Amino acid sequence: MPFAPGDSAKGASLFKTRCAQCHTVGAGEPNKVGPNLHGIFGRKSGQAEGFSYTAANINKGVTWDENTMFEYLENPKKYIPGTKMAFAGLKKDKDRNDLITYLKESCA
C-alpha cells in the first residue's frame, strides 16, 4: 500500500513520542543521535550535512519521497540493512501516513 495523506496533528504527536529524542526537523537545528530531517524529501539517503552515516545508508542511494519513507518507516533495518537507526518502525499504515504528512509540513 502506498502513502496516503494523513493527520498532521497525529503525526506531530508520533514524532514527539517516537522520533524527537533522536531527530530535529527545523532549518538550522542540530543533528542529534540521528540527522536533522529538514529538507529530507527529495534528498538521497545518507546525505544530511554534518551527519556521520553508515555505509549502508550512503550506499542505499534511495531518494526520499512519501512512498520510500512509507516503506522505510515500517521496518528501517529491513529497508536499509546495516543502518545504525535503532527504531523498530511503525507497523500501522495510518501511523506512517500521519507521520509522513507531519514531516512533509515540518521539513520543507
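Residues numbered from 1 in each chain as written. Predicted model: local features only at pLDDT ≥ 70, side-chain atom pairs only at ≥ 80, totals over all residues. Heavy atoms only, no water.

Under the annotation held in an unreviewed UniProt entry, the protein chain carries the name Cytochrome c domain-containing protein and is attributed to Panaeolus cyanescens. Comment text from UniProt for the protein chain, heading Function (unreviewed entry), reads "Electron carrier protein. The oxidized form of the cytochrome c heme group can accept an electron from the heme group of the cytochrome c1 subunit of cytochrome reductase. Cytochrome c then transfers this electron to the cytochrome oxidase complex, the final protein carrier in the mitochondrial electron-transport chain." If you open the UniProt record of the protein chain and go to Subcellular location (unreviewed entry), you find "Mitochondrion intermembrane space". (UniProt positions renumbered as here; feature names shortened; annotations may be inferred.)

Colleague: I'd like a description of the overall build of the protein chain, backed by residues and values.
Modeller: Across its full length, the protein chain holds five helices and zero strands. Ordered by position from N to C terminus, the α and β elements of the protein chain give α-α-α-α-α. The C-alpha atoms of the protein chain give a radius of gyration of 13 Å, which matches the 13 Å a tight globule of 108 residues would have. Projected onto the principal axes, the alpha-carbon positions of the protein chain cover approximately 35 × 30 × 25 Å. Across the 108 residues in the protein chain, those meeting the buried criterion constitute 44%. (Helix = DSSP H or I, 4+ residues; strand = E, 2+ residues; numbered from the N terminus. Rg over C-alpha atoms; globule rule 2.2 N^0.38 Å. Buried < 20%, exposed > 50% of the residue type's maximum accessible area, 1.4 Å probe, protein only.)

Colleague: Which residues make up the packing of aromatic side chains, and what values do they have?
Modeller: In total, this model carries five aromatic pairs according to the counting rule given. For the pair Phe15 and Tyr102, a centre-to-centre distance of 5.6 Å together with 45° between the ring planes defines the contact as tilted. Note that Phe15 is positioned in helix α1 (residues 8–19) and Tyr102 in helix α5 (residues 93–106), a separation of 87 residues in sequence. You can call Tyr102 buried: its relative accessible area is 14%. Ring geometry for Trp64 and Tyr79: centres 6.2 Å apart, planes at 35°, overall tilted. (Phe/Tyr/Trp six-rings, centres within 6.5 Å; stacked < 30°, edge-to-face > 60°.)

Colleague: Hey, could you go over the nonpolar core for me, with residue numbers and the actual values?
Modeller: Counting residues in each nonpolar core, the largest one holds 23 residues, and the members touching the most others are Phe15, Trp64, Tyr72, Leu99 and Leu103. Of all the elements in the fold, those that place two or more residues in this core are α1, α3 (66–74) and α5. Other than its neighbours up to four places away in sequence, Leu103 contacts Phe15, Val25, Leu37, Phe41 and Ala108. (Core = buried A, V, L, I, M, F, W, Y, C linked by side-chain atoms within 4.5 Å. Contact = heavy atoms within 4.5 Å.)

Colleague: Describe α3, with residues and values.
Modeller: Each full turn of the α-helix corresponds to 3.6 residues, which orients residues three or four apart in the same direction. Taken residue by residue, α3 has Thr68, Met69, Phe70, Tyr72 and Leu73 as its buried positions. For α3, the elements touching its buried residues are α4 (76–79) and α5. Two or three places before Asn67, at the opening of α3, Asp65 has a side-chain oxygen 2.9 Å from that residue's backbone nitrogen. (Polar contact = N/O pair within 3.5 Å; in protein donor to acceptor, adjacent residues only side chain to side chain.)

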